[in-house]
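These are the residues of each chain, in order.
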Amino acid sequence: MMINNSISTKQASEFLSQSDNILLLCHKNPDGDTIGSAGGLMYALKKLGKCCAILCQDRIPDKYDYLKLELYRNQFIPEAIVSVDVASAHLLGEKTAPYNDNVDLCIDHHPSNTSYAKMTCCDGSLPATAQLMLEIIENMGVELDKDIANCLYTGIMTDTGCFKYSATSSATHIAGAKLIDAGADHTFIANRFFMSKSRKNIMLEKYALNTLEFFCNDRCAVVVLTKEILDEIQAQPSDIEGISAMPRAIEGVDVGLTIRQLTDSSFKISIRTSENINACEIAEGFGGGGHTRAAGCEVMGSLECVKKAILREVETALCK
C-alpha cells in the first residue's frame, strides 16, 4: 500500500518528539485499538514532558476505565493534531469537527486509509495500530512501563481477537510478550474482554441468533440488530462487540454480515470473511473500508433494500 503522504515510524517519532500540546483523536464508537493506541501514546508523550490529551466523539466505554486516560477538556490549545487508528476523517465525528480537516499525523493500520492527514504512518499488514504504536514509542526512546504496556496490550489483544485472527504474526506475539515483560496485566485484560460478557451482550446475542438467515447456498450468514431492540436493551457500543464475529463463525460460511440499525433509514454493516473473500472490497462498494477479513460500511435505505444491496455485492464476491 502506497500513501502519497506516507512517512516512516522513525519520522513519526521525530515529529512527536518535536511537538507539544498534542491532541490525540480516536474514531467514533471507539474500540480497544483506537483507545489503547491513543492511551499508550499519551503516556509515552507525558514521560517526555509533553502536554497531551485524548478526544473522542463518543464516550469511552466503562470497561476501559482501568487505563485511566486523560481526556481533552480544553486544558490547552492544541498545536499538533494526531489521529490514531482512524482510516478516514468521516470516522472522527462532530465533536472533533474543529480538528478533522487539520490532522497533522495519522497513525493507522487500515489498508483503506484515505490519506486525509498531512502525514500518514500506516502499515496495512499489521493486525492492530497498537503494534505500530509500540515501534513508534520505542523509536522515541521512551522506556515502556505498566501504563503504556496495558494500553498497547489492550489494543493488540482486542484487534487480533486474542491473537487468533489471520493477520496475527510472530512479530505480533513478540510485541505482546514485550508488553507483558513491561508489566501488562495480560490475564486481567484477557478476562475482561474474552472470558466474560455483559448481561446486555448475552441478550443481544440471543436476539441476533433469532434473526439468523442464510443466503448464497448457505455461504453467507446474516444477523440483524434493530434500533428497537438496541433501545429496549439499552445497549452500549461495548455491548455489541463480538456480535459481528458470530455469523462468520458458523461452519461453511464464507461471509458473515451483521446489520445494525442506526436510524430509521441508516444501517451499519459489519463484514467478516474467510481467506478467499476480500471484506474490504465489499465494503468499499458502499463507501466503507477496513481490512481484508474484517470491514464495514454505512448504507442508507430500508432494511429490505439495504439487505438486498449488500447481498448482491456478496454474491458477486463469492462468484469471483
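The structure reproduced in this document is the subject of the present report. (Residues numbered from 1 in each chain as written. Predicted model: local features only at pLDDT ≥ 70, side-chain atom pairs only at ≥ 80, totals over all residues. Heavy atoms only, no water.)

Our next topic: the overall build of the protein. Looking only at helices and strands, one finds 12 helices and 11 strands in the protein. Relative to the compact-globule value of 20 Å for 320 residues, the protein shows a C-alpha radius of gyration of 19 Å, a close match. Expressed as lengths along the three principal axes of its C-alpha atoms, the size of the protein is roughly 55 × 40 × 40 Å. Among the 320 residues that make up the protein, the fraction classed as buried is 53%. By sequence separation, contacts in the protein at least 24 residues apart represent 66% of the contacts at least 6 residues apart. When the accessible surface of the protein is totalled, it reaches about 14600 Å², and 48% of it is carbon and sulfur. Treating the 30 positive side-chain charges of the protein as one cloud and the 41 negative ones as another, the clouds have centres 3 Å apart. (Helix = DSSP H or I, 4+ residues; strand = E, 2+ residues; numbered from the N terminus. Rg over C-alpha atoms; globule rule 2.2 N^0.38 Å. Buried < 20%, exposed > 50% of the residue type's maximum accessible area, 1.4 Å probe, protein only. Contact = heavy atoms within 4.5 Å. Areas by Shrake-Rupley, 256 points an atom, 1.4 Å probe, with all protein chains shown as cover. Lys, Arg positive; Asp, Glu negative; His and termini not counted. Charge placed at Lys NZ, Arg CZ, Asp CG, Glu CD.)

So, about the nonpolar core. L16, L41, V82, L105, I107 and L179 are the most contacted members of the largest nonpolar core, which totals 53 residues. In this view, L41 contacts L16, L24, V82, I107, M133, I137 and M140; residues no more than four positions away in its chain are not counted. Among the nonpolar cores identified, the runner-up in size contains 22 residues, and V255, I269, I282 and A283 belong to it. (Core = buried A, V, L, I, M, F, W, Y, C linked by side-chain atoms within 4.5 Å.)

Another aspect to go through is the packing of aromatic side chains. To describe a pair of aromatic rings, one takes the distance between the centres and the angle between the planes. Across all of its chains, the model carries four aromatic pairs by this definition. Consider the rings of Y64 and F193, whose centres lie 5.2 Å apart with planes at 40°: the pair is tilted. Taken together, the residues Y64 in the loop between β2 (52-55) and β3 (80-84) and F193 in helix α7 (residues 186-194) connect sequence positions 129 residues apart. (Phe/Tyr/Trp six-rings, centres within 6.5 Å; stacked < 30°, edge-to-face > 60°.)

Helix length check: helix α5 (residues 146-159), at 14 residues, gives a terminal C-alpha distance of 20 Å against a target of 20 Å (1.5 Å per residue), a fit within 8%. Burial of α5 is extensive: 12 of the 14 residues sit out of reach of the surface. For α5, every residue scored as buried is listed here: I148, A149, N150, C151, L152, Y153, T154, G155, I156, M157, T158 and D159. Turning to α5, the residues buried within the fold contact α2 (32-47), α4 (129-139), α6 (170-181) and α7. (Expected span 1.5 Å × (residues − 1).)

This part covers α7. Inspection of α7 places I189, A190 and F193 among the buried residues, and these make up the whole buried set. For α7, the angular spread of the buried residues around the axis is 100°, confining them to a single face. Of the surrounding secondary structure, the elements contacted by the buried residues of α7 are α5. (Arc of directions from axis to C-beta.)

As for its position among the elements, D159 is in helix α5. Although D159 lies buried, it forms no salt bridge, and the closest oppositely charged side chain, R272, sits 8.0 Å away as judged by the N-O distance. Side-chain polar atoms of D159 contact the side chain of H109, separated by 3.2 Å. Setting aside its immediate chain neighbours within four residues, D159 contacts D31, D33, H109, P127, A128 and Y165. (Salt bridge = Lys/Arg side-chain N within 4 Å of Asp/Glu carboxyl O. Polar contact = N/O pair within 3.5 Å; in protein donor to acceptor, adjacent residues only side chain to side chain.)

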